[in-house]
Amino acid sequence: MYTEKVMDHFMHPRNVGEIENASGVGTVGNAKCGDIMRIYLDIDENQIVRDAKFKTFGCGAAIATSSMATEMIIGKTVQEALEVTNKAVMEALGGLPPVKVHCSLLAEEAVHAALWDYAQKNGIVIEGLKPPVDDVDEVEERDKACE
Ligand code: FES
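Bear in mind that the values here come from a model prediction, so they are computed numbers and not experimental data.

Describe the sheet that holds strand 1 (residues 24-29), and please don't skip the residues or the numbers.
The antiparallel open sheet is built from three strands, whose spatial order is 1-2-3. If you trace the sheet from one side to the other, it starts and ends with strand 1 and strand 3 (49-57), each paired once. Pairwise comparison of adjacent strand axes, ignoring direction, gives a mean angle of 15 degrees for this sheet. Two strands pair when backbone bridges link them, and strand 1 and strand 2 (residues 36-43) are joined in this way by six bridges, in the antiparallel orientation. Residue pairing for strand 2: Val25 is matched across the bridge by Tyr40. Relative to strand 1, helix 5 (residues 101-122) is tilted by about 145 degrees, and along the sheet it contacts strand 1 and strand 2.

How would you sum up the nonpolar core? Please name residues and give values.
Within soluble globular proteins, side chains that are nonpolar generally end up buried alongside one another. If you look at the biggest cluster of nonpolar residues, it comprises 38 residues, and the most contacted ones within it are Met37, Ile39, Leu41, Leu115 and Ile126. Looking at this core, the elements that each hand over two or more residues are strand 2, strand 3, helix 2 (60-73), helix 3 (78-82), helix 4 (86-92) and helix 5. Looking at this core, the element that brings in the most residues is helix 5, giving ten residues.

Just give me the short version of the packing of helix 2 against helix 5, but keep the residues and values in it.
Where helix 2 meets helix 5, the axes come as close as 8 Å, and the angle between the chain directions of the two elements is 40 degrees. As judged from the angle between their axes, helix 2 and helix 5 are oblique. Every pair of crossing elements has a handedness; the one defined by helix 2 and helix 5 is right-handed. Together, Ala61, Ala62, Thr65, Ser66, Ala69 and Ile73 of helix 2 and Cys103, Ser104, Ala107 and Val111 of helix 5 make up the contact between the two elements.

About the cut-offs
- Throughout this description, residue numbers start from 1 for each chain and increase along the sequence as written.
- Where local features are concerned, this predicted model is filtered to residues with pLDDT of at least 70; where side-chain atom pairs are given and counted, the filter is 80 or more; whole-chain, interface and lining totals use all residues.
- The basis for every side-chain value is the complete set of non-hydrogen atoms in the structure, without hydrogens or water.
- Pairing between strands is defined by DSSP: at least two bridges between them are needed.
- By definition, any uninterrupted DSSP run of H or I lasting at least four residues is a helix, any uninterrupted run of E lasting at least two residues is a strand, and each is numbered from the N terminus.
- Lines fitted to C-alpha atoms define the axes here, with helix axes fitted over just the stretch in contact, and angles between the N-to-C directions of these axes take values from 0 to 180 degrees.
- It only takes one pair of heavy atoms within 4.5 Å for two residues to be counted as in contact.
- Residue types Ala, Val, Leu, Ile, Met, Phe, Trp, Tyr and Cys, when buried and joined through side-chain atoms within 4.5 Å, form a set referred to as a nonpolar core.
- When accessible area is computed with a 1.4 Å probe and restricted to protein chains, residues below 20% of their type maximum are described as buried, those above 50% as exposed, and intermediate ones as partly exposed.
- Oblique is the label for any angle not covered by the other classes, which are roughly parallel (under 35 degrees), roughly antiparallel (over 145) and roughly perpendicular (65 to 115).
- Throughout, a crossing is termed right-handed when the near helix is turned clockwise from the far one, and left-handed when it is turned anticlockwise from it by less than a right angle.

Any functional reading would require information beyond the geometric quantities listed.
Here is the structure:
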């Protein structure tokens, strides 16, 4: 059911933890399963993601996708980090079962929420970045769409 890569990132997640005085922090939740994910970003003066850490209170797929997502955004500019989609993360993991696709969305949304926090704190506009979804109705609509 799960690829070796998913299992590897689930059993040995990379970048678990917190960043003190992070440049941006994003917390998102999935109303349906109750899982929560928080991503911390350390962004340097050239708008490059120097470090990323995560904490996930969630399922194995959520852990594996946050692990892979943090790996994929470290070293990238904020604009490039924004373009790391849940699809790209899933591909890097060799795929996820269809019922677990929404878990990868959580990772994407957490990265976006952290980028939003960074942009707000610094008065920066990251092109194409939308405010994080914090309206439960919107979350529910999104979840219905993934079913
Ligand atoms: Fe909730 Fe995977 S089941 S994030």
